[in-house]
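# An overview of the molecular structure
So the chains spell out like this:
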Amino acid sequence: MTQWFALRGWKPAPFQREVWRRYREGQSGLLVTPTGSGKTLAMIGGPLLQAMMELTAVGEKRKQHPSTANARVQVLWITPLRALASDTVQALRQPIEGLGLPWTVAMRTGDASARDKRLARQGKADVLVITPESLALLLSYPDTLEHLAHLQAIVVDEWHALLDNKRGVLLQLCLARLRERRPGVRIWGLSATLGNLEEARQVLLPHLRDAALVRAAVPRTLHMKTLLPPQGEHFPWAGHLGLSQVQTVVEQIAQARTTLLFTNTRAQAELWYEALQAVWLDDGQALALHHGSLDPSLRQQVEQGLREERVRCVVATSSLDLGVDFPTVDQVIQLGSPKGMARLLQRAGRSRHRPGEAGSIVCVPTHALELAEFAAVRQALRAGDVESRRPLTLSLDVLGQHCVTLALAGGFDSDQLLAEVRTTYAFADLSLDDWTQVLQFITQGGNALQHYPEYCRVIRDVEGIYKVIDRRVALRHRLSIGTISSDGALLVRMARGGALGSVEESFLSRLRPGDLFQFAGRTLRLLRLQDMTAYVRPARQSGGVVPRWQGGRMPMSTDLAAHVAEVLANPPVTPELRALRPLLALQSRTSAMPGQGQLLAEQIRTREGLNLFLYPFAGRPVHEGFAAVLALRWSRRVAATFSFSVNDYGLVVTATSVQALDEAALASLLEPDALLQDLSEAVNMSELARRQFREIARVAGLLPPSIPGRALRSLRQLQASSSLLYDVLRQYDPGHMLLRQAEREVLEQQLEVATLQQVVAECAARKLLLTQPRTLTPLSFPLWAESRRGSLSSEDWKQRVRRAAQLLEARHG
């Protein structure tokens, strides 16, 4: 291995040697190293060294007579992204071919070739690169474990991307099955830096308390630069997406051979690609667009263009965040706040993706307050602070899906499987009562559904083994394996040509034939909607609306929000804060700056009524629950109409025809007592649970998938089916495990109750700083603008907010 490195002019890093040594000693562990530092070679080196030693020991027999017919899966390489899989295959083949090993590398994902799928299905590949969903699918076949009988190593790439979601829970269950059949298999995770590395190791390797935790000795150097906007903006607002910075960004792109321009949303990527096209002077093919809703073939063309240096700039979203190697990328630009330290680190790692090279990132604020966010990221990274990712537990919908998978793969004994499931982190505390409900669910759907044959998917035979015997159940289950939701998306296809990607049904259903919209970097004219497909053709004129996707707003992490509060209370000497001084000075003159240990509250009257602005700096999801509770408690004191809006910094509650609150009254609204009861009353828990139930029901198998060759089910049909199921269970089986899970996920994941309780308690303990400014302030203006978004059309909203900002700028000089 060292000789192969030397031939390429490389020298193995100490952490690579350490992983090779630990692997040869039979250890498992977690490797934590920045992207671009050589983690792939660190992980594959151990299996290759072992294979070479075995070849030497047994002679050259296999080397002289290589045959894929005798190949066997020795390394299972699990990747979270299909786009990453093909890149990983190429990266793994290089050292294998360089060392002359007769190993076959295959890929098993939704994008895999028929050859690779056949090799994976028959176990005729030495190294198999696979996604969690494809692994679960393989485990649904009775002969898969036999094909994996010689498995030596399992590598989980980008483990941090799976740690805090249901895909990770599904993978934990699959790993438990493989460990049970191959107790000595080595399992290694590859991860970027996390705030909870020890917990991440425990989730991956719950059976090994002292598993290795290997870190790269020398962190990769990161250079961070912020393109400062022109002076003068005192009343920033989110919504214009920073398009005023286009010329500055173009000048920055011109300074490098190749650039990745990261945006936070797909809509923003589409708009910025269109804006750059208008001023792009190079070959038009040198500018490209890449996001998750584009057709895979289009994304692959862009990725190949980057590798071959035909593409100079790619406007991308998180679709290029993870692990795809582009050594030719010289520069990364982050457009707008990254909303988290880990995301900025990940994206910065895309630049100069070569061992020993320093990463760099150029930050472009879309409005003035994002300067504080960039300063906060800079300060947090200097201190070594990165967000934690909290693993999920007791996701019974995923467990139910896994049980049907194993019932399909030859069957299972309930006691043995319970013991196996409890070896995972996600289900270590699974109660016998919950397990009994899972078994009841897969065999009869629950008390209310037991008379419907389609929900009785698994039977228990005379020997007590749970099995699937119905071929229709087998087909539907294999089509629905996984936890990724793709409901409600319509395929966008050229009337004469191929597919462009997918857009949400809720957006396209509002368009009429002949309407224009922007997608895939071009202006399209809608011709017709047919069989869940939107047929389009290119439009000669420009214009048209840009699709909005669910989850289009990326919330700031609670950790970063706390750092923003810190830099505003004690501004450090950074380029960003120097540029922000005029805005902060105006905030101090018109109201006050939030200080350490203080909670700033502003009461400002506008034509809408009395507005109470509060700045906990806890992130949008926490503020949504907080604002709902405040509005409820205020409504108990006085009869009025209340509304609220939130952003990542704070919240505003607006009341009509009420008197201003004094400090004592406001303090009473901030009491942490009875928070959960008030939250349940303030938000429509039943409606939130109903929405959450649709996703849970799909994962658990209650909503059958579309059958290939038949018409796809529309979002309206899925909503109707899940809503009917929800109502039936609420009325006839209110204790159903999936209803309980829906309510729990709303509290834990949507409303982040644990964090909310902590934030409310901290706010109650802070010194209250209550001001009554005569006009909107720099901090309150973005919240006021957000509160008006829903009451006006998009264009009217932008015009009014821009006009209000101009009036305030003129008033304050």
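For the structure itself, look to the data block above.
So, here is what we can say about the structure in this document. Numbers given to residues run from 1 along each chain, matching the order in which its sequence is written. Only residues with pLDDT of at least 70 get local features here, since the model is predicted, and only at 80 or more are side-chain atom pairs given and counted; chain-wide, interface and lining totals rely on the full set of residues. The side-chain values count all of the structure's non-hydrogen atoms but skip hydrogen atoms and water molecules.

On a plain count of helices and strands, the chain comes out with 31 helices and 26 strands. Radius of gyration here is computed from C-alpha atoms only, and the compact-globule reference equals 2.2 Å multiplied by the residue count raised to the power 0.38. Scaling as 2.2 N^0.38, a compact globule of 813 residues should have a C-alpha radius of gyration of about 28 Å, and the chain matches this with 28 Å. Overall, the C-alpha framework of the chain stretches about 85 × 65 × 60 Å when taken along its three principal axes. Taken across its 813 residues, the chain has 56% of its residues classed as buried. Of the contacts formed within the chain by residues at least 6 apart in sequence, a portion of 75% connects residues at least 24 apart. The method behind every accessible area is Shrake-Rupley, applied with a 1.4 Å probe, and residues are considered shielded solely by the protein chains displayed. Working note: accessible area of the chain is about 34,400 Å², and carbon and sulfur atoms make up 48% of it. By the counting rule applied here, Lys and Arg register as positive and Asp and Glu as negative, while His and the ends of each chain are not counted. The location of each charge is read from NZ of Lys, CZ of Arg, CG of Asp or CD of Glu. Of note, the chain has its 95 positive side-chain charges centred 4 Å away from the centre of its 79 negative side-chain charges. In this description a helix means any DSSP run of H or I spanning at least four residues, a strand means any run of E spanning at least two, and both kinds are numbered starting from the N terminus. Buried residues are those whose accessible area, probed at 1.4 Å on protein chains only, stays under 20% of the maximum for their type, while exposed residues exceed 50% and partly exposed ones sit between those limits. In what follows, residue pairs with any heavy atoms lying within 4.5 Å of each other are defined as contacts.

A few words on the sheet that holds strand 14 (residues 412–413). Two strands pair under a simple rule: DSSP has to find at least two bridges between them. Spatially, 14-16-15 is the arrangement adopted by the three strands of the open sheet, whose pairing is antiparallel. In the strand order of this sheet, the two ends are held by strand 14 and strand 15 (459–460), each with one partner. By the bridge criterion, two bridges tie strand 15 to strand 16 (residues 465–467) in an arrangement that is antiparallel. Within the sheet, the bridge partner assigned to Arg-460 lies in strand 16 and is Tyr-466.

Glancing now at the pattern of salt bridges. We define a salt bridge as a contact between a side-chain nitrogen of Lys or Arg and a carboxyl oxygen of Asp or Glu at a distance within 4 Å. Summed over the entire model, instances satisfying the criterion amount to 33 salt bridges. The salt bridge partner of Asp-87 is Arg-307, with a shortest N-O separation of 2.0 Å. In this pair, Asp-87 sits in helix 5 (residues 82–98) while Arg-307 sits in helix 13 (residues 296–307), placing the two residues 220 residues apart along the sequence. What makes Asp-87 buried here is its relative accessible area of 9%. Here Glu-199 ties to Arg-390 by a salt bridge, and the two come within 2.8 Å at their closest N and O atoms. Here Glu-199, found in helix 10 (residues 197–204), pairs with Arg-390, found in the loop between helix 15 (370–382) and helix 16 (396–408); they are 191 residues apart in sequence, far enough to count as distant. A relative accessible area of 54% means that Arg-390 is categorised as exposed. Linked by salt bridges that have partners in common, Arg-633, Arg-636, Asp-678 and Glu-681 make up one network.

Right, let's get into the side chain of Arg-620. As for its placement among the helices and strands, Arg-620 is situated in helix 23 (residues 620–637). One buried charged residue, Arg-620, forms no salt bridge at all, with the nearest opposite charge on Glu-786 at 4.3 Å. Polar contacts, as used here, are pairs of N or O atoms within 3.5 Å; protein pairs need one atom able to donate a hydrogen and one able to accept it. Residues neighboring in sequence count only if both atoms are side-chain atoms. For Arg-620, the side chain forms a polar contact with the main-chain oxygen of Val-646, separated by 3.3 Å.

Our next topic: the sheet that holds strand 11 (residues 313–316). With parallel pairing, the six strands of this open sheet are ordered in space as 8-13-12-9-11-10. A strand with exactly one partner marks an edge of an open sheet, and here the two such strands are strand 8 (222–226) and strand 10 (287–290). Each strand of the sheet is rotated relative to its neighbour by a mean of 20°, with strand direction disregarded. Bridge analysis of strand 12 (residues 331–335) against strand 13 (residues 359–364) gives three bridges, and the strand direction is parallel. Bridge pairing in strand 13 places Gln-334 opposite Cys-363. All axes are obtained by fitting lines to C-alpha atoms, using only the stretch in contact for helices, and the reported angles, taken between N-to-C directions, cover 0 to 180 degrees. Packing of helix 14 (residues 341–348) onto the sheet brings it into contact with strand 8, strand 9 (259–262), strand 12 and strand 13, and relative to strand 13 it is tilted by some 120°. Across the sheet, helix 15 is in contact with strand 8, strand 12 and strand 13; its angle to strand 8 comes to roughly 165°.

The side chains of a regular strand alternate, residue by residue, between the two faces of the sheet. Alternating positions in strand 4 (residues 127–130) separate into two faces, Val-127 and Val-129 on one and Leu-128 and Ile-130 on the other, with burial throughout. As paired strands, strand 2 (residues 75–78) and strand 4 are joined by four bridges and run parallel to one another. In the strand pairing of strand 4, Leu-76 is matched with Leu-128.

If you look at the biggest cluster of nonpolar residues, it comprises 84 residues, and the most contacted ones within it are Ile-154, Trp-159, Leu-399 and Phe-693. Considering every element that reaches this core, the biggest residue donor is helix 16, with eight residues. For Phe-693, the contacting residues outside a window of four places in its chain are Leu-702, Ser-722, Leu-725, Tyr-726, Leu-729, Leu-738, Leu-739 and Ala-742. Buried Ala, Val, Leu, Ile, Met, Phe, Trp, Tyr and Cys residues form a nonpolar core when they are joined through side-chain atoms within 4.5 Å. By size, the runner-up hydrophobic cluster in this structure holds 58 residues, among which are Met-341, Cys-363, Leu-369 and Leu-577.

Next up on the list: the packing of helix 25 (residues 675–682) against helix 29 (residues 753–765). Following both chains from N to C, one finds helix 25 and helix 29 inclined at 120°, their axes separated by 11 Å at the closest point. Relative to helix 29, the element helix 25 is oriented oblique. Where helix 25 crosses over helix 29, the two elements pack in a sense that is right-handed. Along its contact with helix 25, which presents Leu-675, Leu-676 and Leu-679, the element helix 29 presents Val-753, Leu-756, Gln-757 and Val-760. Its residues placed into classes, the contact of helix 25 with helix 29 shows six nonpolar, one polar and no charged. Orientation labels follow simple angle bins: below 35 degrees gives roughly parallel, above 145 gives roughly antiparallel, 65 to 115 gives roughly perpendicular, and whatever is left gives oblique. The hand of a helix crossing depends on one turn: near helix anticlockwise from the far one by less than a right angle means left-handed, and clockwise means right-handed. Amino acids are sorted into nonpolar (Ala, Val, Leu, Ile, Met, Phe, Trp, Tyr, Cys and Pro), charged (Asp, Glu, Lys and Arg) and polar (every other residue, Gly among them).

Turning our attention to the environment of Ser-337. Mapped onto the fold, Ser-337 is located in the loop between strand 12 and helix 14. In the structure, Ser-337 is positioned 74 residues away from Thr-263 in sequence and 9.1 Å away in space, judged by C-alpha atoms. Polar side-chain contacts of Ser-337 include one of 3.1 Å to the backbone nitrogen of Lys-339.

This part is about the packing of aromatic side chains. Each aromatic pair joins two rings of Phe, Tyr and Trp (for Trp, the six-membered one) with centres within 6.5 Å, and gets the label stacked for planes under 30 degrees apart, edge-to-face for over 60, and tilted for any other angle. Under the defined criterion, the tally for this structure stands at seven aromatic pairs. An angle of 10° between the planes, with centres 5.2 Å apart, marks the rings of Phe-412 and Tyr-466 as stacked. With Phe-412 in strand 14 and Tyr-466 in strand 16, this pair connects stretches of sequence that are 54 residues apart. Two limits define a charge over a ring: the Lys NZ or Arg CZ must be within 6 Å of the ring centre, and within 35 degrees of the ring normal. Seen from the ring of Tyr-23, Arg-186 lies directly overhead, with NZ or CZ sitting 4.3 Å from the centre. One cation-aromatic arrangement involves Arg-478 over Tyr-141; the distance from NZ or CZ to the ring centre is 4.0 Å.

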